[in-house]
Amino acid sequence: MKFLPTILILAAFFSCTNSTRDSREDKFDTGAVFYDYKISGEEGSDSVSVLLHYRFGEEGELPTVLESGSKLTFDGKEIRPDSAKLTGTFYEVMLPANEFNGTHKIAVTGKNGKSHSQEFNFQSFSLANELPAQVKMEPFAIRLNGLGSEPVRIQLVMIDTAFGTRDVNEELVVKNGELAITAKMWRALSTGPITMEIYREEEIPLNIGVKEAGRLLMTYRLKREFEAKQN
């Protein structure tokens, strides 16, 4: 009889363990997993990063591995999991930047055969004309290739080396690939070295199962350095 409590404890432990494992795996079929997809590229880099996380429960939970028997593919090629102590389990693939523009597909299939796929279109952009080493502090337009004719939201950051200036950090709508640098922006900057970043960020909500349970975040950026001078 002395061993009965121990046996009962062990039985309860394994029962809870199995129940927890089954519950976690069932979440893939009920839409309770948060899909966190990040696609990022940068001008001058040889590759584009595709980073995929899966979280059980809340968005802020540490990412975990897909259930045993699941399969994750990018453009038809399977991706294997990796992990880090601080960030948890992740799935990542680095692909050639010069071949990445266009439509891609992420697909995950659970052990029971249920699947979800997400297509997205990635488009890099570039300066139509290179900026000179010295730029006059007067209004002008930067032409961007690769954005098409439709309005696109762009984040513009311009930082100088002076302590007392406000710098520029604005979300702008670019039409026909034309980004306006205004007199108001120049008033927030001082003469001298300027670091400019232009980046596009697009977030697409993912609808998995019975509720919205994920996002796909695409970013692409370019960076320039020049010297601002008075007219």
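Residues numbered from 1 in each chain as written. Predicted model: local features only at pLDDT ≥ 70, side-chain atom pairs only at ≥ 80, totals over all residues. Heavy atoms only, no water.

Participant: For this particular structure, what's the right way to read the overall build of the protein chain?
Facilitator: A tally of regular secondary structure across the protein chain gives two helices and 16 strands. Put simply, the protein chain has 231 residues, and 38% of those count as buried. Here the analysis covers contacts within the protein chain between residues at least 6 apart in sequence; of these, 60% occur between residues at least 24 apart. When the accessible surface of the protein chain is split by element, carbon and sulfur atoms take 49% of a total near 13700 Å². (Helix = DSSP H or I, 4+ residues; strand = E, 2+ residues; numbered from the N terminus. Buried < 20%, exposed > 50% of the residue type's maximum accessible area, 1.4 Å probe, protein only. Contact = heavy atoms within 4.5 Å. Areas by Shrake-Rupley, 256 points an atom, 1.4 Å probe, with all protein chains shown as cover.)

Participant: Looking at this structure, I do not really get the packing of aromatic side chains. What am I missing?
Facilitator: To describe a pair of aromatic rings, one takes the distance between the centres and the angle between the planes. In this structure the tally under the stated criterion is ten aromatic pairs. The aromatic ring of Tyr199 is capped on one face by Arg221, whose charged end is 4.5 Å from the ring centroid. (Phe/Tyr/Trp six-rings, centres within 6.5 Å; stacked < 30°, edge-to-face > 60°. Lys NZ or Arg CZ within 6 Å of the ring centre and 35° of its normal.)

Participant: Can you help me understand the pairing of strand β8 (residues 115-122) in this one?
Facilitator: Put simply, side chains in a regular strand alternate between the two faces of the sheet. Here β8 shows one buried face, formed by His116, Gln118, Phe120 and Phe122, and one open face, formed by Ser115, Ser117, Glu119 and Asn121. Sheet topology places strand β7 (residues 102-109) next to β8; eight bridges connect them, and they run antiparallel. Note that in β8 the partner of Thr103 across the bridge is Asn121. Hairpin connection between β7 and β8: a loop of five residues separates the two successive antiparallel strands, and Gly113 in this loop has a positive phi of roughly 90°. (Pairing = 2+ DSSP bridges.)

Participant: Looking at this structure, I do not really get the confidence of the model for the protein chain. What am I missing?
Facilitator: The predicted coordinates should not be examined in detail at positions where pLDDT is low. In this model, the protein chain carries a mean pLDDT of 84, and residues with pLDDT of at least 70 account for 82%. Every residue in residues 1-27 scores below 50 in pLDDT, and together they form eight contacts with partners more than four places removed in sequence or on other chains. (pLDDT = per-residue confidence, 0-100.)

Participant: Got a minute to help me understand the sheet that holds strand β11 (residues 140-145) in this structure?
Facilitator: One key point about sheets: their strands pair by backbone hydrogen bonds, in either a parallel or an antiparallel sense. Spatially, the three strands line up as an open sheet ordered β9-β11-β14, and their pairing is antiparallel. Each having just a single partner strand, β9 (126-127) and β14 (178-181) make up the two edges of the open sheet. The pairing of β9 with β11 spans two bridges and is antiparallel. What sits directly across from Leu127, in β11, is Leu144.

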